[in-house]
Amino acid sequence: MVMRSSSPLPRMSRRGRVTIAVLVGVFVLFTLLGWGVQAWTDWLWFDEVRYTEVFTGVLLTRLVLFLAVGLGMAVIVGGNLWLAHRLRPRLRPHSVEQATLERYRMVLSPRLGTWILLTAAVVGLFAGLSAQNRWNQWMLFRNGGDFGIKDPEFGVDIGFYVFQLPFWRYLLGVAFTAVVLAVIGALAVHYLFGGVRLQGVGDRMSNAARAHLSSLVAVFVLLKAIAYVLDRRAMLLEYNEGVKLYGAGYADVNALLPAKEILAYISIVVAIAIIVFSNAWMRNLVWPGISLALLGVSAVAIGGIYPWAVQTFEVKPSAKDKEAPYIQRSIDATRAAFGLGVTETTPYAANNLTPPASLVTDTSVVPNVRLLDPQLVSETYTQLQQVRGFYDFGPKLDIDRYGVNGKVSDYVVGVREINYGELTDQQNTWINRHTVYTHGYGLVAAPANQVVCGGQPFFVSGFLGEKTQEACSSQTEQITAKQPRIYYGERMAADDYAIVGQSDPNKKAEFDRPVGEGGGESYTYTGEGGVEIGSFARRLLYAIKEQESNFLLSEAVNKDSKLLYVRNPRDRVEKVAPFLTLDGDPYPAVVDGRVQWIVDGYTTAASYPYAERVNLQTETTDELTNRGTFQLARENVNYMRNSVKATVDAYDGTVKLYEYDDTDPVLKAWNKAFGGDLIQPKADIPVELNEHFRYPADMFKVQRNLLTKFHVTNPGDFYSAQDFWQVPNVPDAPDSGQKQPPYYLFTQFPGQESPRFQLTSAVTPNGRQNLAALISGSYVDGKPRLEVLELPDQTRISGPVQVHQQMTNNANIRQQLNLLSSNQAQVQYGNLLSLPFADGMLYVEPVYVKSNQQDAYPLLQKVLLSYGDGGSFVALADNINDGIKQLVEQGKKAGQGAPPTPPPGGNPTNPTPTPTPSGAATPTPTPSAGTPPPTGDLAAAADRVQTAISEVRAAQTSGDFERYGRALKALDEALTAFQQAQQAAGNASGSPSPSAGG
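Before going into details, it helps to say that this report is about the structure given with it. (Residues numbered from 1 in each chain as written. Predicted model: local features only at pLDDT ≥ 70, side-chain atom pairs only at ≥ 80, totals over all residues. Heavy atoms only, no water.)

## Remarks on the sheet that holds strand 5 (residues 398-404)
Sheet strands pair via backbone hydrogen bonds, and the direction of the pair is either parallel or antiparallel.
Inference 1: One open sheet accounts for three strands, arranged 5-6-9; its pairing is antiparallel. Edge positions in the sheet fall to strand 5 and strand 9 (443-447), since each has one partner strand and no second. Each adjacent strand pair in this sheet contributes to an overall mean axis angle of 45°, direction not counted.
Inference 2: Of the pairings in the sheet, the one linking strand 6 (residues 407-415) to strand 9 comprises five bridges and is antiparallel in character. Pairing of V412 across the sheet is with A446, part of strand 9.
Inference 3: The strands that helix 13 (residues 377-385) touches are strand 6 and strand 9; relative to strand 9, the one it contacts most, it runs at about 120°. (Pairing = 2+ DSSP bridges. Helix = DSSP H or I, 4+ residues; strand = E, 2+ residues; numbered from the N terminus. Axes fitted to C-alpha atoms, helices over the stretch in contact; angles between N-to-C directions. Contact = heavy atoms within 4.5 Å.)

Quick look at the structure:
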């Protein structure tokens, strides 16, 4: 009896096949519907903002890459599977192995073509999906030009590395993947159909299978040769562990570089040997295997051991000299890639430690000192200018400058936006959220150097309703916005869309602004922005997109309705310019009577030879990150330019992209990729808009952090790392580990002809807290300018953290600060500003007080000031002018031999010494040189002072404020007793009294 062999796979019923087909069909239908709706609505949005070339350009590029790479991969893999089947042996020897495989051959053979096509399609699908994400590399590959700068090793233009190399390396990776998959697939088919055997007599591989597989291996080795050639170029991008810099070092250039070239030639020889020995001569795999083994040994010996030996025995013993030329390459490349080459470094002696009398009469620095902290006064703006609970100014305001009454000064500005999260339960219906509460109202501004009414900002714009406190705000709009309504703002989330527009001109549904007691005006949007959704098709389309039936059912949607969405300015710019990296701090400005959001856009690259590579998220994170600013993505770059200034109209959402760096090759490539007219020329920037451009914060942070090392341009000094700097921590919370943010100032630094709006940051020596330099960024004649005021290495000028500690730990100041804070209030410190003045350093820190009561807001109550080394001359005053007068008075008395006058509330005849940080010298009552040591009562008094100082230090270290207060009181009494003992001994004029500072 003959038994029929059973199929290894059970046959599915007709009902089961139909069910699966229906489920697959429904899944595909909904997937395609979702893609279609998304694509259609995206097209409508891009058509509204008039940037359809971006939509079509990116979409077509993605589609072409998907098809080209997907089809290419499918053809290579599927072709080799088909070829392996065609090359199968007609007769197969009988064996248990072949008998086992026969049942699989019976299943696959009838539909082998289908299986091959299905496998190729799956491989091609995944390859295509991966390829379409490389649209940006392909666009730069096609449209990139030259930088006009050649790399220092090969003399190749930088454009090859930025535009060409990334895509070549990607294509090489695709080729390797295709060959590996082809080898695996072909080997499996050859094994399944008997071309490759593990059992039986005779050859384990047929001639056809051997020729096929060896050819694929030879192609793989040839690709390896190409990889070695590209690796030679890519070496200029690698990290050099020996000197902690990027770029090829001594061992790379003198050992690894020639090794890569040798290995490329060896790979070509091995590929030829594989073909010859496998097919034309011995026709076996012994010699091809030996060739591959020799290639592996060569790669280890020539490409690994030899460079290691050169690095270990030749470079390390004299690394400073050997690596010097390559360190210089990294310094030059980094400064060029990040725009540091134009940095102007000026020595600043900072040898004046006494407040000069000119502080009182100064007209360029002191009058412009910014007292309002944008982060702290945001709560103040919200409480005083909110009017309705659903208005919001965000957690941080912005700094800009305006010319009012013929005088330019900086202002703290904020936009009164709708915050949908603050709507009450009754207000938060679909109708209210999307058709009634559609916009905010007004740009609120206050001079940054002025407070009124007990510490409040002096508001000059953005008023709502009737003003009741005439002294606390301007009676007229000094910064006038002809269209103050805010439909687009930073407080808008992705799902915060608005439906605006009415067919009936008498029907106004939108809440405009509050008027009177609880009332409000209504408004109807008249702007050009928004997607028209009056037709049934559009309403159905967006009902599907938003999954909201009210688009079809609600009477609030009429034939003249428009839909406003993507309302965050940064999101809008990111959508129309996906090739830009955007600054995390957009800011509003009134330009030609309209509120415009200004967003800085960066072009970046990650393949600039020898340049330092940085992570944007790490380099730009500080105390303000995610507090009114956006955190940047974790993008590694080694080239960065602020090439674009983008604007978004707060009323109609119009997006404009202006070229700001007209020399940037990367921006030119992107503009060319999208037709050449995507970016408006720099000459087209309106003059009034140009006046509000400011040095971008995130760009400055990256440049500042790089300058902490790359201000050193001598390779030997760079290798020693003795003159590196660091960014100090937040002065009032140094243990938090958060970096002090840079701050905008309208001021004049030494060497500048007039006051300038600039972004500034102090840096300290690496591992120390004294001041090393001030770095500022500003625009001069439309060009970015970085300036560094560098202090001497052994300067006595304290850094921000030290100055804050010295000012707040001064006994008299601490006593007043304790009075300001209590169980009912807390003290908050504003920006600590470092201001160079008259060959010295003036520090200013506003002091705010916030009650613990509900809805309380910070009020500026005092100003801390310091001049000189941070501890000798300090003042706590009600305003900046009084503080300056106190400092100058202290300086005059110090010049006459008297100790500095303490701040009000202290001992008028004996200032208490400021306890200094650990390791700093504390002044002690010691006799002058040439005088005999004290004896008797004077010696006892001196010992008492020394004991009191030790107790102050111990109390300060312990953190026990009660003990600290007792210790300060004991020290004050000891100093008084010491002075009395001096007078009794008749030696008061010969022995100096202890004084604050040192």
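## Let's talk about the environment of A669
Inference 1: Position of A669 among the secondary structure elements: in helix 19 (residues 665-673).
Inference 2: A669 sits 506 residues away from F163 along the chain, and the two C-alpha atoms are 8.9 Å apart.

## Examining a nonpolar patch on the surface
Inference 1: Taken together, the side chains of V18, V22, V26, L29, F30, L33, F536, L540, I544, L552 and L553 present a nonpolar region at the surface, about 1,000 Å² in accessible area.
Inference 2: Counting residues per element, the ones that place at least two in the nonpolar patch are helix 1 (14-49), helix 15 (536-546) and helix 16 (550-553).
Inference 3: No other element matches helix 1, which puts six residues into the nonpolar patch.
Inference 4: Along the chain, F536 falls in helix 15. (Patch = residues over 30% accessible without salt bridge, like charges linked within 9 Å, V, L, I, M, F, W, Y side chains within 5 Å. Areas by Shrake-Rupley, 256 points an atom, 1.4 Å probe, with all protein chains shown as cover. Salt bridge = Lys/Arg side-chain N within 4 Å of Asp/Glu carboxyl O.)

## A few points about the packing of helix 2 (residues 52-86) against helix 5 (residues 135-143)
Inference 1: Running from N to C, helix 2 and helix 5 cross one another at 100°; their axes reach a closest spacing of 9 Å. As the angle between them shows, helix 2 and helix 5 are arranged roughly perpendicular. Residues G57, V58, T61, R62 and L65 of helix 2 form the contact with helix 5, whose own contacting residues are W135, W138 and M139.
Inference 2: Residue composition of the contact of helix 2 with helix 5, by class: five nonpolar, two polar and one charged. (Parallel < 35°, antiparallel > 145°, perpendicular 65-115°, else oblique. Nonpolar A, V, L, I, M, F, W, Y, C, P; charged D, E, K, R; others polar.)

## A look at the state of the cysteines
Inference 1: Applying the stated criterion to the full structure yields one disulfide.
Inference 2: Note that C453 is cross-linked by a disulfide to C472, the S-S spacing being 1.8 Å. Looking along the S-S bond of the C453-C472 disulfide, the torsion reads about -105°, which is the left-handed sense. Of this pair, C453 sits in the loop between strand 10 (451-452) and strand 11 (456-457) while C472 sits in the loop between strand 11 and strand 12 (485-486), and the two are 19 residues apart along the sequence. (Disulfide = S-S within 2.5 Å.)

## Concerning the pattern of salt bridges
Inference 1: Enumeration over the complete set of coordinates arrives at 29 salt bridges.
Inference 2: For D398, the salt bridge goes to R694, with nearest N and O atoms at 3.8 Å. One end of the pair, D398, is in strand 5; the other, R694, is in the loop between helix 20 (687-690) and helix 21 (697-710), with 296 residues separating them in the sequence. R694 carries the same exposure label as D398, and that label is buried.
Inference 3: Across the pair D622 and K701 runs a salt bridge, and its minimum N-O distance is 3.0 Å. Highlighted residues: D622 in the loop between helix 18 (616-620) and strand 22 (636-637) and K701 in helix 21, separated in sequence by 79 residues.
Inference 4: A residue is classified by how much of its surface remains accessible, and D622, at 5% relative accessible area, is buried.
Inference 5: Owing to a relative accessible area of 9%, K701 belongs among the buried residues under this scheme.
Inference 6: Several salt bridges share partner residues, and in doing so they unite K396, D398, D585 and R694 into one network. (Buried < 20%, exposed > 50% of the residue type's maximum accessible area, 1.4 Å probe, protein only.)

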